[in-house]
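Notes for the structure review
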Amino acid sequence: MKHKGYEDSDFDVSGVITIENTGDLPATITSIEDVLGGTPITEVNLPEGVVLPYTLPVGETLECSYSETVGSKIEGSNDVTVMTDRNNNYEASAEIIWSNTPNTENYKTITISDISDLFGEVNLGTVTAPENAQFTYSKDFAWEDYGKDAGGDYVYNNEATIVETGDSDDATLKVNVQSYMYETAYAKGDGATCFIPTFKNWGWTNLISPGTYEMDLWAGAAQCDTSKGTLVGSVTVTYGSDGYVTADYNVGTPYILEETHVYAGYEMFPMDKKGNPTVAPGAYSNASPFDDRDVYVIAHAVVGIPDPNFGPE
């Protein structure tokens with residue numbers, strides 16, 4: 001909220017009208033008219049016991065008063081006309097002068113209350129005009145608070161209110177949380193054979209001898225073209241002296257490993273029950289331990305990749 005200055009209102013104008021008889025004869029006053037800034041004053045207050053017409057003796061004075069509340073600050077003069085029974089008009093004028101200090105200051109000190117989706121209702125404190133005041137608060141947002149599948153835009157509302165007047169202002173905080181999209185990833189070692197044309201989908205089968213191999217793990221490499229894929233990590237494949245084949249997946253930040261499948265066998269591809277090659281997840285079967293002959297390995301994983309379309313609208 002911003003302090004936008006102040007607005008003066010309910011201006012009070014008051015004063016005294018002094019009428020003096022400087023002539024040689026008593027003067028009978030029949031009316032007193034007072035015009036303030038072009039507008040007649042509602043009522044001129046006579047001294048107690050005095051009513052018009054009133055005879056003012058020679059050398060005497062009559063003091064009247066006025067008090068008027070106006071909606072805005074007026075400029076100009078206060079013009080008085082005194083009329084007597086001799087049809088004589090006596091006029092006087094005085095400039096309107098305003099005080100620099102108002103009689104009453106309203107809401108100079110105010111209390112600020114804040115309510116938000118993040119912190120609930122909080123009394124922030126007071127501030128006195130024209131001083132500036134700033135109330136601060138902070139909130140740490142962690143991706144883990146939302147989760148990998150909870151991506152999107154989260155909106156948090158905040159409203160600050162002046163307790164004394166009910167005036168308020170609001171703001172909105174938008175937090176963009178990045179979600180994950182999931183891609184199939186295959187390990188590609190030296191001399192790997194692409195599934196195509198044996199299968200329509202992409203991927204590699206790797207022929208290995210006993211030993212340890214480091215293979216790149218590629219996600220989304222359509223048609224076995226790594227230039228179209230994303231290198232998300234690596235797979236360490238070990239063909240041990242005990243005849244068993246193991247695969248350790250290493251996925252780097254910001255990728256996450258959802259699930260893994262490993263095939264090892266003497267055939268280039270696993271076979272289904274009908275003896276046909278298949279790379280369907282769950283259809284893999286390992287015939288370990290092996291007898292030191294070369295084997296084929298397919299290391300397959302589902303990897304979470306940050307949504308590339310993430311960002312504020």
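Residues numbered from 1 in each chain as written. Predicted model: local features only at pLDDT ≥ 70, side-chain atom pairs only at ≥ 80, totals over all residues. Heavy atoms only, no water.

1. A word on the overall build of the chain
Within the chain, the secondary structure is distributed over zero helices and 19 strands. Over its C-alpha trace the chain gives a radius of gyration of 47 Å, far above what one expects of a compact globule, namely 20 Å for 313 residues. With respect to the three principal axes, the spread of C-alpha positions in the chain is 145 × 35 × 30 Å. Counting across all 313 residues of the chain, residues that qualify as buried make up 33%. The long-range share in the chain, meaning contacts at least 24 apart out of those at least 6 apart in sequence, stands at 58%. (Helix = DSSP H or I, 4+ residues; strand = E, 2+ residues; numbered from the N terminus. Rg over C-alpha atoms; globule rule 2.2 N^0.38 Å. Buried < 20%, exposed > 50% of the residue type's maximum accessible area, 1.4 Å probe, protein only. Contact = heavy atoms within 4.5 Å.)

2. Looking at the layout of surface pockets
Its boundaries defined by the atoms lining it, the second largest pocket holds a volume of some 550 Å³. If you trace the second largest pocket, you find 29 residues lining it, with Ile19, Glu20, Asn21, Val82 and Tyr90 closest to the centre. In terms of residue count, strand E1 (residues 11–20) provides more of the lining of the second largest pocket than any other element does, six residues in total. For the lining of the second largest pocket, a count of residues per class yields 14 nonpolar, 10 polar and five charged. (1 Å grid on protein atoms, 1.4 Å probe; cavity = no way out; pocket = protein on both sides within 12 Å on 5 of 7 lines; lining within 4 Å. Points joined across faces, edges and corners; volume = space filled by probe spheres on them. Nonpolar A, V, L, I, M, F, W, Y, C, P; charged D, E, K, R; others polar.)

3. Structural notes on the side chain of Asp114
Structurally, Asp114 can be placed in strand E8 (residues 109–116). We note that Asp114 is buried and unpaired, the nearest opposite charge coming from Lys139 at a distance of 14 Å. Within polar-contact distance, the side chain of Asp114 engages the side chain of Asn158 at 2.9 Å. The contact partners of Asp114, leaving out residues within four places of it in the chain, are Gly120, Glu121, Val122, Leu124, Tyr137, Asn158, Glu159 and Ala160. (Lys, Arg positive; Asp, Glu negative; His and termini not counted. Salt bridge = Lys/Arg side-chain N within 4 Å of Asp/Glu carboxyl O. Polar contact = N/O pair within 3.5 Å; in protein donor to acceptor, adjacent residues only side chain to side chain.)

4. Thoughts on the confidence of the model for the chain
Scored by pLDDT, the chain comes out at a mean of 86, with 91% of its residues at no less than 70. Here E1 is the element of the chain with the lowest mean pLDDT, 86, and strand E15 (residues 211–219) is the one with the highest, 97. (pLDDT = per-residue confidence, 0-100.)

5. A look at the state of the cysteines
For the structure shown, the criterion picks out one disulfide. Cys194 shares a disulfide with Cys224; S-S distance 1.8 Å. Given an S-S torsion of about 75°, the disulfide between Cys194 and Cys224 has right-handed geometry. In this pair, Cys194 sits in strand E13 (residues 193–194) while Cys224 sits in the loop between E15 and strand E16 (230–239), placing the two residues 30 residues apart along the sequence. Given a relative accessible area of 15%, Cys224 falls into the buried group. (Disulfide = S-S within 2.5 Å.)

6. Quick look at the pairing of strand E19 (residues 295–306)
In terms of residue burial, E19 counts as a mostly covered element, since 12 of its 12 residues are buried. Direction of pairing for strand E12 (residues 180–188) relative to E19: antiparallel, over a ladder of seven bridges. Counterpart to Thr184 in the pairing with E19 is Val302. Here three bridges tie strand E14 (residues 204–208) to E19, and the two strands are oriented antiparallel to one another. By the bridge assignment, Ile208 is partnered in E19 with Val295. In the sheet, strand E18 (residues 256–265) pairs with E19 via nine bridges, with the strands oriented antiparallel. Of the residues in E19, the one forming a bridge with His261 is His300. (Pairing = 2+ DSSP bridges.)

7. Quick word on a nonpolar patch on the surface
A surface patch of nonpolar side chains, amounting to about 260 Å² of accessible area, comprises Phe119, Val122 and Tyr137. By secondary structure assignment, the location of Tyr137 is in the loop between strand E9 (120–128) and strand E10 (152–162). (Patch = residues over 30% accessible without salt bridge, like charges linked within 9 Å, V, L, I, M, F, W, Y side chains within 5 Å. Areas by Shrake-Rupley, 256 points an atom, 1.4 Å probe, with all protein chains shown as cover.)

8. Section: the nonpolar core
Nonpolar side chains tend toward joint burial in soluble globular proteins. In terms of nonpolar packing, the biggest core is built from 21 residues, with Val235, Val237 and Val245 touching the most fellow members. Going through the elements one at a time, E12, E15, E16, strand E17 (245–251) and E19 are the ones with two or more residues in this core. The greatest single-element share of this core, amounting to six residues, is contributed by E19. Judged by nonpolar contacts, the second largest core, of 20 residues, contains Val13, Val70, Ile74 and Val82. (Core = buried A, V, L, I, M, F, W, Y, C linked by side-chain atoms within 4.5 Å.)

9. Notes on the packing of aromatic side chains
Taken as a whole and assessed by the stated rule, the structure comprises 11 aromatic pairs. Seen from their ring centres, Trp202 and Trp204 are 5.6 Å apart, and the 70° between their planes marks the pair as edge-to-face. Among the aromatic residues, those joined into a ring-pair cluster are Tyr186, Phe195, Phe199, Trp202, Trp204 and Phe269. (Phe/Tyr/Trp six-rings, centres within 6.5 Å; stacked < 30°, edge-to-face > 60°.)

10. Regarding the environment of Asn201
Tracing the backbone shows Asn201 in the loop between E13 and E14. Overall, the relative accessible area of 33% leaves Asn201 in the partly exposed class.

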